[in-house]
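# Chains, contacts and geometry: an overview
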Amino acid sequence: MSSIISSWKAFEEKFKVPNDAKRIAALKTYFHNGGVINVVKTGHAKWPKLSYPSQHRIEEQIKELEKLKAELSKKEGEWKAKLSEAKSYHMRHQLLKFSDPLYWKHTAKALSDKEYKGDAEKVGLPVHLSADPKWKPMIKMFMEDMEYRKNLVETVQTSIVYKKDKRVAKYADVVQEFRSEISSSKLDELGGRISSVGKQIAALQEIRKWAGE
């Protein structure tokens, strides 16, 4: 008589569990992930005969999970690249600035114009980000438009927004920190899913052996 079983507890209650740690662990994982088996007790065999899932069905499930694992691994690689990019943002731009004419214009102006240099220091002008399209227009305007420069200096010195950190580029730090946190969170989530899928594949590979007995 066959028995449909969907939990390790039910299997344990119905059959005397043989001493096979690997298969037991595989079954527990399989049941934990919603798996169902159909077994038939046969004679004096240590394990009942597994009639469902069949080897063919198990192979299909393994292929599906391997495809999912590959997709998750690809996403993991993409998020690793994003995390690396966020963490190396300032370091990369410290190098990129040397190939940007705007940086050298700033350097020359700071050397020849003490007032300009002082204003740049007061706002923490992010000249190392001169190669970043997001910051280039602001740096250029700060250099070329005195009214804009003086207004920015006053804002940074008096606004409550800059009370704790008098740097116009603090936003760049916040953005990169946020991107790092999001990337790390996604990597933790994907790492857990990849590990879970890997365990499911290993469990099915063990159960496939049972299906072939």
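That block above? That's the structure.
Below: a short report on this structure. Keep in mind that what you see is a predicted model, and the values were worked out from it rather than measured.

Attention now moves to a nonpolar patch on the surface. A cluster of nonpolar side chains, namely Leu95, Phe98 and Trp104, defines an oily patch on the protein surface of about 360 Å² accessible area. Of note, Leu95 is situated in helix α4 (residues 89–96). With a relative accessible area of 61%, Leu95 lands in the exposed category.

Strand order in the open sheet formed by three strands is β1-β2-β3, with antiparallel pairing between adjacent strands. Only two strands of the sheet have a single neighbouring strand rather than two, namely β1 (2–5) and β3 (49–52). The sheet shows a mean angle of 35 degrees between the axes of neighbouring strands, direction not considered. Across the face of the sheet, helix α9 (residues 170–211) comes into contact with β2 (37–40) and β3 while running at roughly 110 degrees to β3.

Summed over all chains, the structure comprises eight salt bridges. Between Glu60 and Arg57 there is a salt bridge, and its shortest N-O distance comes to 3.4 Å. Taken together, the positions of Glu60 and Arg57, both in helix α3 (residues 55–87) and three residues apart, correspond to about one turn of that helix. Note on Glu60: relative accessible area 33%, which makes it partly exposed.

Here the focus is the packing of aromatic side chains. Given two aromatic rings, one states the distance between the centres and the angle between the planes to describe the pair. Under the criterion given, the structure shown has 10 aromatic pairs. Ring geometry for Phe98 and Trp104: centres 6.1 Å apart, planes at 40 degrees, overall tilted. With relative accessibility at 45%, the residue Phe98 sits in the partly exposed group. Taken together, the aromatic side chains of Trp8, Phe11, Phe15, Trp47 and Trp210 make up a single cluster linked through ring pairs. A cation over a ring is seen here: Lys82 above Trp79, with NZ or CZ 4.2 Å from the ring centre.

A few words on unusual backbone geometry. In this structure, Pro53 follows Tyr52 across a cis peptide bond, with omega equal to 0 degrees. Assignment of secondary structure puts Pro53 in the loop between β3 and α3.

What follows is about the packing of helix α5 (residues 101–112) against helix α7 (residues 136–144). Put simply, α5 and α7 touch, their axes get as near as 11 Å, and they point 30 degrees apart. By the angle class used here, α5 and α7 are roughly parallel. Judged by the sense of rotation from one axis to the other, the crossing of α5 with α7 is left-handed. Taking contact as the criterion, the partners of Leu102, Lys105, His106 and Lys109 in α5 are, on α7, Lys136, Ile139, Lys140 and Met143. For the contact of α5 with α7, the per-class residue count stands at three nonpolar, one polar and four charged.

Further remarks concern α7. Those residues of α7 lying buried are Met138, Ile139, Phe142 and Met143. Seen end-on, α7 carries its buried residues on one side only, within an arc spanning 135 degrees. Turned more than 90 degrees from where α7 packs its buried face, Pro137 and Glu144 sit exposed. Elements that come into contact with the buried residues of α7 comprise α5, α6 (114–123) and α8 (146–158).

As a further point, take the side chain of Lys97. In this structure, Lys97 sits in the loop between α4 and α5. As a buried residue without a salt bridge, Lys97 has its nearest oppositely charged side chain in Asp100, at a separation of 11 Å. Apart from the residues within four sequence positions on either side, Lys97 is in contact with Tyr103, Trp104, Val127, His128 and Ser130.

What counts as what
- Residues numbered from 1 in each chain as written.
- Predicted model: local features only at pLDDT ≥ 70, side-chain atom pairs only at ≥ 80, totals over all residues.
- Heavy atoms only, no water.
- Patch = residues over 30% accessible without salt bridge, like charges linked within 9 Å, V, L, I, M, F, W, Y side chains within 5 Å.
- Areas by Shrake-Rupley, 256 points an atom, 1.4 Å probe, with all protein chains shown as cover.
- Salt bridge = Lys/Arg side-chain N within 4 Å of Asp/Glu carboxyl O.
- Helix = DSSP H or I, 4+ residues; strand = E, 2+ residues; numbered from the N terminus.
- Buried < 20%, exposed > 50% of the residue type's maximum accessible area, 1.4 Å probe, protein only.
- Pairing = 2+ DSSP bridges.
- Axes fitted to C-alpha atoms, helices over the stretch in contact; angles between N-to-C directions.
- Contact = heavy atoms within 4.5 Å.
- Phe/Tyr/Trp six-rings, centres within 6.5 Å; stacked < 30°, edge-to-face > 60°.
- Lys NZ or Arg CZ within 6 Å of the ring centre and 35° of its normal.
- Parallel < 35°, antiparallel > 145°, perpendicular 65-115°, else oblique.
- Left-handed = near helix turned anticlockwise from the far one by under 90°.
- Nonpolar A, V, L, I, M, F, W, Y, C, P; charged D, E, K, R; others polar.
- Arc of directions from axis to C-beta.
- Lys, Arg positive; Asp, Glu negative; His and termini not counted.

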